[in-house]
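# Report on the structure
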Amino acid sequence: MAGRPRNDEEERKADMKLHTFKQAEEYLNGFISKGFKYIFQGEIGLKRVKKFYKSLGNPQEKIKIIHVAGTSGKSSTCYLISELLASHGFKVALTLSPHLTDVRERFQIDGKMISKKEFVFYLNKIIPFINEPLSYFEILVGLAFYIFAEKKVDYAVIETGLGGLYDATNVVSRSDKLAVLTKIGIDHTNVLGKTIEKITYQKAMIINEESQAISIYQDPKAEQVIRKVAEQKWAKVVFVGRGLINQALTKSIGLIGDYQKENAILALEAVKYLSQRDRFIIDQEKIQKTLETANFSGRFDVRKINNKIVIFDGAHNPQKMEAFISSLTKKYPNKKFNFLLAFKKGKDYKEMLKIMIPWANLIILTSFFTDNQDTINASEEPIVVGNAYIRSVRRGRFYADPIIIPDLKEAWKEILKTEEPIVVTGSLYLVGEVFRLIKANK
C-alpha cells in the first residue's frame, strides 16, 4: 500500500542480498522442518502457496505444464518426457524432488541444471515475497515456476511432491495442463490414506477441469477412482501400457528395468498427445535415440566402482522394491547380491526385506541422516531393522545374519570389500548420501 511504512521484517528482506550459492543453500535450509514428523497442512498449506505464487505474478499460469503424480516411476517418467520433448527442439524445464546431491537438480532446462549464479540471482528476486510461513519445498516449487516462466520455456515437466490434491505443485488452473499418472500403490498412508482408493483420489486430483489425463494401467480399484474424478471434472482420461510393454520402441531403452519400459510408454503417450494437440511432428529416429541414451541417476544406476559392479536404486516401498528386484534378477540371473541397506523412518521395511532376502548373499545395514532436503530425514535404526530381518527368516537356513554398521562411511567402505555385484537400495536418501561420499572421495 502506497505511503505505508515498512515493518522491520520487510525492511530486513528489502536489504537482504545473497551473494554466493552457499549462502543461498543456507538461507533455504532455514525453512526445513526441524522435526522428524512431517506436518502435512493440506488445504491450508495449498491456500498459503497460492497466495505466495500470486505475489510472484502466478508464473505457473504462463507456461505449458505436464504434471506428473503417482507412487512409482514419477521421476523417471518426468525425465523421459522432458528428454523426448527436448530432442524435438523444444525448450523444456524439469523439476524433481528430492534431489540427490545438488538442489539445482530441481531446476533443469534442456537436461542441464541452471548455474549457481542464476540460482542465486532468481532466489534474490523472490525473497521479498516470502512473507508466509512457507516450507522449503513450497519455496523451491515457487522458484521453479518463476524461473521457468522467466526463461520462457515451451514446456515445464513438474513432479508432485506428496500426493497431488494439496501438493504445492497443484496450483495450475490452465485447462491445457496435461496430467500424467504413474503406477499407484500403497505409500505415505499416514498422509494420503490407508486404502488404494483414498491414495488414488489424492493423486488423481491433479486432473484439471476440462483437461486431458493419461495414466499407466492401474489396479482396477485405482482405475475406477481415476475415471470417476475425470468424469466429475469433465476431463478426458486414457489408460496405456497393458499388453504393450515389449513393443519395439522400448526394446532398446537405456534405462534398465521392466518398470522403466512402463514409464517409457507413458512418456511416449504424453508426447504423442502433445504432438497432436500442439501440432508438431514426432521424429521416430529422435525418439529411439533418446530412449537408447536415457540415463537417470539413482534409478537402476549401474556403475563401476573399484573395478566392481555397483547398482544403485532408490526403491523405498514394497511396490518399487518388487519391481526393482524383479528387474535385477533378470539382468543378473543365477546371482546372489551383496546389499547395503537403509530405510527411511516410517517405511514398510519388513515387506521390502522379505522381497530382498532370497537374493541376498550378504546384507549390511546402515543409517543416514539428511538435513538438506524438504524435511529432516532419518533412517530406521539398523539394529531394529536387523532384528526384523532375523525374525523374518528361518534360522539355520542359507540366510546369513545381517552385518550392522551404523556409520554410513564405514558401511560403504565395508561393502566395497565384498565381491560383486553390490546393490545399494532402500531409500533415495541413502543413494544420495553414498553419491556424496563418492564425490568427496574423488
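Cut-offs used in this document
- Residues numbered from 1 in each chain as written.
- Predicted model: local features only at pLDDT ≥ 70, side-chain atom pairs only at ≥ 80, totals over all residues.
- Heavy atoms only, no water.
- Axes fitted to C-alpha atoms, helices over the stretch in contact; angles between N-to-C directions.
- Helix = DSSP H or I, 4+ residues; strand = E, 2+ residues; numbered from the N terminus.
- Parallel < 35°, antiparallel > 145°, perpendicular 65-115°, else oblique.
- Left-handed = near helix turned anticlockwise from the far one by under 90°.
- Contact = heavy atoms within 4.5 Å.
- Nonpolar A, V, L, I, M, F, W, Y, C, P; charged D, E, K, R; others polar.
- Pairing = 2+ DSSP bridges.
- pLDDT = per-residue confidence, 0-100.

Now for the packing of helix α2 (residues 21-29) against helix α5 (residues 116-126). Two elements in contact, α2 and α5, have axes separated by 9 Å at closest approach and are oriented at 50°. As judged from the angle between their axes, α2 and α5 are oblique. In terms of crossing hand, the pair formed by α2 and α5 is left-handed. Counted together, Phe21, Ala24, Tyr27 and Leu28 of α2 and Lys116, Phe119, Val120 and Leu123 of α5 form the full contact between these two elements. Partitioning the contact of α2 with α5 into residue classes produces seven nonpolar, no polar and one charged.

Time to look at the sheet that holds strand β10 (residues 308-312). With mixed pairing, the six strands of this open sheet are ordered in space as β9-β10-β16-β11-β12-β15. At either margin of the open sheet sits one strand with a lone partner, and together these are β9 (301-305) and β15 (403-404). Bridge count for β10 against strand β16 (residues 422-425) is three bridges, and the pairing is parallel. Paired with Val310 across the bridge in β16 is Ile422. Packing of helix α15 (residues 408-415) onto the sheet brings it into contact with β9, β10, β11 (337-341), β12 (360-365) and β16, and relative to β11 it is tilted by some 175°.

Low pLDDT means the predicted coordinates in that region are not meant to be read closely. Across the protein chain, the average pLDDT comes to 88, with 88% of residues at 70 or higher. The low-confidence segment residues 1-6, where pLDDT is below 50, has three contacts with residues more than four positions distant or belonging to other chains.

Our focus in this paragraph is the environment of Lys409. For Lys409, the location among the structural elements is in helix α15. Each C-alpha atom of the pair Lys409 and Thr366 lies 9.2 Å from the other, and the pair is 43 residues apart in sequence.

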